[in-house]
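These are the residues of each chain, in order.
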Amino acid sequence: MATETLTLGKALNTGLRRALENDPKVIIMGEDVGKLGGVFRITDGLQKDFGDQRVIDTPLAESGIIGTAVGLAIRGYRPICEIQFDGFVYPAYDQIVSQVAKMHYRSGGRLSIPMVIRIPFGGGIGAVEHHSESPEAYFAHTAGLKVVTCSNPQDAYVMIQQAIASDDPIVFLEPKRRYWEKGQVDLDAPLSDAYPLHSARVVRPGNAVTVLAYGPMVRTCLEAATAAAEDGRELEVIDLRSLSPLDLTAAYESVKRTGRAVVVHEAPSNIGLGAELAARITEECFYSLESPVLRVTGFDTPYPASRVEEEYLPDLDRVLDAVDRTFGW
Amino acid sequence: MAKGDPGGTTRSKRAAPRSRKGATGDPQLVQLLTPEGERIDSVIGPDGNEYRVDFTDEEYRGLYRDLVLVRKLDAEATALQRQGELGLWASLLGQEAAQVGSGRALRTQDMAFPTYREHGVLYCRGIDPIMPLGLFRGVDQGGWDPNEFKFNMYTIVIGAQTLHATGYAMGITMDGKTGTDDGEAAIAYFGDGATSQGDVNEAFVWASVFNAPLVFFCQNNQYAISEPLERQTRVPLYQRAAGFGFPGIRVDGNDVLASYAVTRTALDNARLGQGPSLIEAYTYRMGAHTTSDDPTRYRIASEVEAWQAKDPIARMKAFLEKQQIADAGFFAEVDEQARRESVHLRERVLDMPDPEPVTMFDHVYPNGSPLLDEQRAKFSRYMESFEGSAH
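Since we're looking at a predicted model, the values are computed, not measured. (Residues numbered from 1 in each chain as written. Chains lettered and ligands numbered in written order. Predicted model: local features only at pLDDT ≥ 70, side-chain atom pairs only at ≥ 80, totals over all residues. Heavy atoms only, no water.)

Participant: Looking at this structure, how should I read the overall build of chain A?
Facilitator: Along the backbone of chain A there are 12 helices and 14 strands. Computed over its C-alpha atoms, the radius of gyration of chain A comes to 19 Å, within 12% of the 20 Å expected for a compact globule of 329 residues. Projected onto its principal axes, the C-alpha coordinates of chain A cover approximately 60 × 45 × 40 Å. Looking at chain A alone, contacts between residues at least 24 apart form 81% of all its contacts between residues at least 6 apart. For chain A, the computed accessible surface area is about 12300 Å², with 51% contributed by carbon and sulfur atoms. Side-chain charges of chain A comprise 32 positive and 45 negative groups, with the mean position of each set lying 4 Å from the other. (Helix = DSSP H or I, 4+ residues; strand = E, 2+ residues; numbered from the N terminus. Rg over C-alpha atoms; globule rule 2.2 N^0.38 Å. Contact = heavy atoms within 4.5 Å. Areas by Shrake-Rupley, 256 points an atom, 1.4 Å probe, with all protein chains shown as cover. Lys, Arg positive; Asp, Glu negative; His and termini not counted. Charge placed at Lys NZ, Arg CZ, Asp CG, Glu CD.)

Spelled out as structure tokens, the structure:
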């Protein structure tokens, strides 16, 4: 077993490399993905090794990146589009929700758009405005799109390859503040069976409260669980991984056991993933619940100036506070 | 314009936009068949290309037949909408020559990306004309196979398909299918209003810098719903191409022969690896934008009458008569075929069944979704719960 210690960013890079090697129809396109290797260097070295026909520096226009990728997909290619930052995806929003998401449906299943739209998302890196957003709910609300996110290098390596191999159009959210965090990566990990792309995973078992998180918040919740354990409370942390479709089988089983649930995400709470999760858990686990499902989220403001983002972002204390409150009913 | 901006001081000297100039005799306009039905053997376009066609009598008659048929089928669809059988219809009346001319210039291997008005191109691609009516009746979303017919789905979001066409054309290059006479090309259809859209301008940028084998075919029918061309541009649309780095040409869009010649040349150039070009087919939408609007609110009758005199079918008929390529028997036979096919179309539209409600869950994802499967199952159980349900 070839296991290496890689950062999440390097794991993505290695996964992209594998996909380019395995399928000549896979292409990468985006702004600065070539010689520069992307502003986060996720495509570092790929143009050098695969050429500028496979790793394409595009003009600077997001709708054009996605729209031309639709045409390439119709032609039989498997485009991976890089959107440089979360806040820059909106010019491409029409192409994503009206074209990418609906092409299979509108064509009665005759056309597929096997596209991966990679978006570094979320805050915590001290960036200026439009560089720290969490647009997942916009995409998860759109039928025809699938939305996934990884939280660790192993998942990053496997999930990006699974997403590229899938015929579904997939919005692949990368937790940018975790790009530099290291972990063990099994480079021979199978792409199917063991860890299906759309499955949630229990990343820390426990019996006191079920904590649901994804992407950058998984680590925060694991830290909260470590702290809670010192107080004698074992939190069960579930990494959702897939935001659309949601895999709630593990969550339902867990909540029926713990009787309590806390959902944690960086995005604003209003009409967010937390609301969907709370509604589904309430519907499915009503007689098991000891308290309402609580949410710990960003606020219903635009993403704030970076000097106050630590207060905006859910942290260990806010998660633990919510855990405490679930025992107050 | 900001004070002190040199552009402001020269404004009064700037040439007025010439885009509204009449079609006839306009030196910017490639024309091979005058409104009176006179043939022009060949013209050197402002781009230096020679434009000509060399059709057999049978082919001339075939083009005339196409024009009459698509107009008749379009009229039938308009009537069906008026009788409540279609939710909406976007008529091509007046634009038959632009569509048939460009559509017949396509080769089998070329891929077309239409808007929702390209019924004439659809017809030329060999697609059953009932296909778009399912979309407008609301029983499906357009039932043809884009890959089989090399004609993509109708795109209702204005200009979105120009980017798809560009990407597809980039794929042609990546597949090595240019540079030879049997190469491939793509064509993107859009209207004058679409030229204001970001996507169309992005498509121009992409196609240019990637040298995509693509023809941008703009049918300038003078109105974007109610808004005249002056609300979209201050320069003739074909001239925009120069700023993006590829040739643009204006053709008489009511002249089927010139529309054919100009499109064929542009497609040949594309497939030979010479990159994109923009064709502005200068034409006029004789009817409403769709059956939902009322053109008498925004157009004057004299303008419509002036364009009636340039009718694409009348001039083709005059030419065929003058040249004795067709006789009265032929015209009667074509009219009879058009009548027969439109009656047949009407019967088939009325017979189109509503889809089974549960089919709304089909084809959302190539690989399916467990949540959607669950929703479908619940919906099916609900439908079955009705007393006497056959479901």
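Let us keep going from here.
Participant: How should the interface of chain B and chain A be read in this particular structure?
Facilitator: The extent of an interface is frequently quoted as the accessible surface area lost upon association of the parts. Between chain B and chain A, the residue contacts involve 45 residues of the former and 47 residues of the latter. Between chain B and chain A the total buried area reaches about 3700 Å² when both faces are included, carbon and sulfur atoms providing 59% of it. Applying the counting criterion to the chain B and chain A interface returns 3 salt bridges. One salt bridge connects Arg 75 of chain A with Glu 184 of chain B, and the closest N-O pair in it is separated by 2.7 Å. Linking chain B with chain A are 20 residue pairs in polar contact (both at pLDDT 80 or more). Among the secondary structure elements, those contributing two or more residues to the side of chain B that touches chain A are β4 (111–113), α6 (146–149), α7 (160–174), α8 (198–209) and α14 (370–384) of chain B. In terms of residue class, the side of chain B that touches chain A is made up of 23 nonpolar, 14 polar and 8 charged. (Buried area = accessible area lost by both parts, 1.4 Å probe. Salt bridge = Lys/Arg side-chain N within 4 Å of Asp/Glu carboxyl O. Polar contact = N/O pair within 3.5 Å; in protein donor to acceptor, adjacent residues only side chain to side chain. Nonpolar A, V, L, I, M, F, W, Y, C, P; charged D, E, K, R; others polar.)

Participant: Even after reading the chapter, I still don't get the pattern of salt bridges, so can you show me in this structure?
Facilitator: Opposite charge on two side chains permits them to pair, given that their charged atoms come into close proximity. Scanning the entire structure with this criterion turns up 41 salt bridges over all chains. The shortest N-O distance in the salt bridge between Arg 204 of chain A and Glu 234 of chain A comes to 3.3 Å. Of the two residues, Arg 204 of chain A sits in strand β9 (residues 201–204) while Glu 234 of chain A sits in the loop between α8 (217–230) and β11 (235–239), which places them 30 residues apart along the sequence. With a relative accessible area of 21%, Arg 204 of chain A lands in the partly exposed category. Classification of Glu 234 of chain A by relative accessible area gives partly exposed; the value is 31%. Glu 280 of chain B is the partner of Arg 250 of chain B in a salt bridge, and the nearest nitrogen-oxygen pair spans 3.1 Å. Highlighted residues: Arg 250 of chain B in strand β9 (residues 248–252) and Glu 280 of chain B in strand β10 (residues 277–282), separated in sequence by 30 residues. Assessed through its relative accessible area of 0%, Arg 250 of chain B is described here as buried. Overall, Glu 280 of chain B belongs to the buried group, its relative accessible area being 0%. Each of the salt bridges in this network shares a partner with another, and the network as a whole consists of Lys 25 and Arg 75 of chain A together with Asp 175 and Glu 184 of chain B. (Buried < 20%, exposed > 50% of the residue type's maximum accessible area, 1.4 Å probe, protein only.)

Participant: Would you take a moment to explain helix α12 (residues 316–326) of chain A for this structure?
Facilitator: Given 3.6 residues per helical turn, the α-helix brings residues three or four places apart onto the same face. All names here are of chain A. Buried within α12 are the following residues: Val 319, Leu 320, Ala 322, Val 323 and Thr 326. End-on, the buried residues of α12 take up no more than an arc of 155°, which puts them together on one face. Looking at the buried positions of α12, the neighbouring elements they touch are β10 (209–213), α8, β11, β13 (261–268) and β14 (294–298). (Arc of directions from axis to C-beta.)

Participant: Which parts of the structure should I look at to understand the packing of aromatic side chains?
Facilitator: When we look at a pair of aromatic rings, we describe it by the centre distance and by the angle of the planes. Residue and element names in this part refer to chain B. A full pass over the atoms with the stated rule returns 36 aromatic pairs over all chains. Plain terms: the ring middles of Tyr 64 and Phe 331 are 5.1 Å apart, the flat faces sit at 75° to each other, and that makes the pair edge-to-face. Taken together, the residues Tyr 64 in helix α2 (residues 57–82) and Phe 331 in helix α13 (residues 328–351) connect sequence positions 267 residues apart. With a relative accessible area of 3%, Tyr 64 lands in the buried category. Look at Phe 330 and Phe 331: their rings are 5.6 Å apart centre to centre, the planes differ by 65°, and that puts the pair in the edge-to-face class. (Phe/Tyr/Trp six-rings, centres within 6.5 Å; stacked < 30°, edge-to-face > 60°.)

Participant: Looking at this structure, I do not really get the side chain of Ser 166 of chain A. What am I missing?
Facilitator: Structurally, Ser 166 of chain A can be placed in the loop between α7 (153–165) and β7 (170–175). Contacts of Ser 166 of chain A, omitting those with residues within four sequence positions, involve Arg 78 and Pro 114 of chain A together with Asn 367 of chain B.

Participant: Honestly, the nonpolar core in this entry has me stumped. Any pointers?
Facilitator: Here is a general trend for soluble globular proteins: nonpolar side chains tend to be buried in one another's company. One finds Ile 66, Ile 74, Met 115 and Ile 281 of chain A together with Leu 214 and Phe 216 of chain B to be the most contacted residues of the largest nonpolar core, which totals 78 residues. In terms of residue count, the dominant contributor to this core is helix α3 (residues 62–74) of chain A (7 residues). For Leu 214 of chain B, the residues in contact, after removing those within four places along its chain, are Ala 165, Thr 166, Ala 169, Ala 186, Ile 187, Ala 188, Ala 207, Ala 270, Gly 275, Pro 276 and Ser 277 of chain B. Core analysis: the second largest hydrophobic core is formed by 69 residues, Tyr 123, Val 139, Phe 217 and Phe 330 of chain B among them. (Core = buried A, V, L, I, M, F, W, Y, C linked by side-chain atoms within 4.5 Å.)

Participant: Honestly, the packing of α7 of chain B against α8 of chain B in this entry has me stumped. Any pointers?
Facilitator: The packing of two helices is summarised by the inter-axis angle and the distance between the axes. Residue and element names in this part refer to chain B. In contact at an axis separation of 7 Å, α7 and α8 are set at 15° when each is read in the N-to-C sense. Considering the angle they form, α7 stands roughly parallel to α8. In the packing of α7 onto α8, the handedness of the crossing is left-handed. Where α7 approaches α8, its residues Ala 160, Thr 162, Leu 163, Thr 166 and Met 170 are matched on the opposing element by Asp 199, Val 200, Glu 202, Ala 203, Trp 206 and Ala 207. Tallied by class, the residues present in the contact of α7 with α8 amount to 7 nonpolar, 2 polar and 2 charged. (Axes fitted to C-alpha atoms, helices over the stretch in contact; angles between N-to-C directions. Parallel < 35°, antiparallel > 145°, perpendicular 65-115°, else oblique. Left-handed = near helix turned anticlockwise from the far one by under 90°.)

Participant: How should I be thinking about the sheet that holds strand β3 (residues 55–57) of chain A in this particular structure?
Facilitator: Residue and element names in this part refer to chain A. Spatially, the 7 strands line up as an open sheet ordered β3-β2-β4-β5-β7-β6-β12, and their pairing is mixed. Each edge of the open sheet is held by one strand with a lone partner, namely β3 and β12 (242–244). With strand direction ignored, the average angle separating the axes of adjacent strands in the sheet is 20°. Direction of pairing for strand β4 (residues 78–82) relative to strand β5 (residues 116–121): parallel, over a ladder of 3 bridges. Bridge pairing links Glu 82 to Arg 118 in β5. (Pairing = 2+ DSSP bridges.)

Participant: Would you explain the environment of Val 255 of chain A in this entry?
Facilitator: All names here are of chain A. Inspection of the secondary structure assignment puts Val 255 in helix α9 (residues 249–258). Overall, the relative accessible area of 0% leaves Val 255 in the buried class. Residues Val 255 and Thr 282 lie 27 residues apart in sequence; the distance between their C-alpha atoms is 9.8 Å. With near-sequence residues (within four places) excluded, Val 255 lies in contact with Thr 210, Arg 260, Ala 261, Ile 281, Cys 285, Ser 288 and Leu 289.

Participant: Would you take a moment to explain the pairing of strand β6 (residues 214–220) of chain B for this structure?
Facilitator: Every other side chain in a regular strand lies on the same face of the sheet, so the side chains alternate between the two faces. All names here are of chain B. The buried count for β6 comes to 7 of 7 residues, which makes it a mostly enclosed element. Along β6, one buried face is formed by Leu 214, Phe 216, Cys 218 and Asn 220 and the opposite face, lined by Val 215, Phe 217 and Gln 219, is buried too. Bridge analysis of strand β5 (residues 186–191) against β6 gives 6 bridges, and the strand direction is parallel. Bridged to Ala 186 within β6 is Leu 214. Handedness of the crossover joining β5 and β6 through α8 is recorded here as right-handed. As judged from the 6 bridges shared by β6 and β10, these two strands associate in the parallel manner. If you follow Gln 219 over to β10, its bridge partner there is Ala 281. (Right-handed = clockwise from strand over helix to strand, strands pointing away.)

Participant: I would appreciate a short explanation of the sheet that holds β6 of chain B in the present structure.
Facilitator: The strands making up a sheet associate through backbone hydrogen bonding, with each pair oriented either parallel or antiparallel. All names here are of chain B. In space, the 6 strands of this open sheet follow the order β1-β9-β10-β6-β5-β4, with parallel pairing throughout. This sheet does not close on itself; its edge strands, each paired only once, are β1 (29–30) and β4. Note that β1 and β9 share 2 bridges and pair parallel. Each residue of the ladder has a partner; that of Leu 29, found in β9, is Arg 250.

Participant: Before we go on, may I ask you to explain the packing of α8 of chain A against α12 of chain A in this structure?
Facilitator: Residue and element names in this part refer to chain A. At their nearest, the axes of α8 and α12 sit 9 Å apart, and the two run at 60° to each other. In terms of orientation, α8 lies oblique with respect to α12. In terms of crossing hand, the pair formed by α8 and α12 is right-handed. The residues of α12 that touch α8, namely those facing Thr 220, Glu 223, Ala 224, Ala 227 and Ala 228, are Leu 316, Val 319 and Leu 320. Of the residues belonging to the contact of α8 with α12, the class tally is 6 nonpolar, 1 polar and 1 charged.

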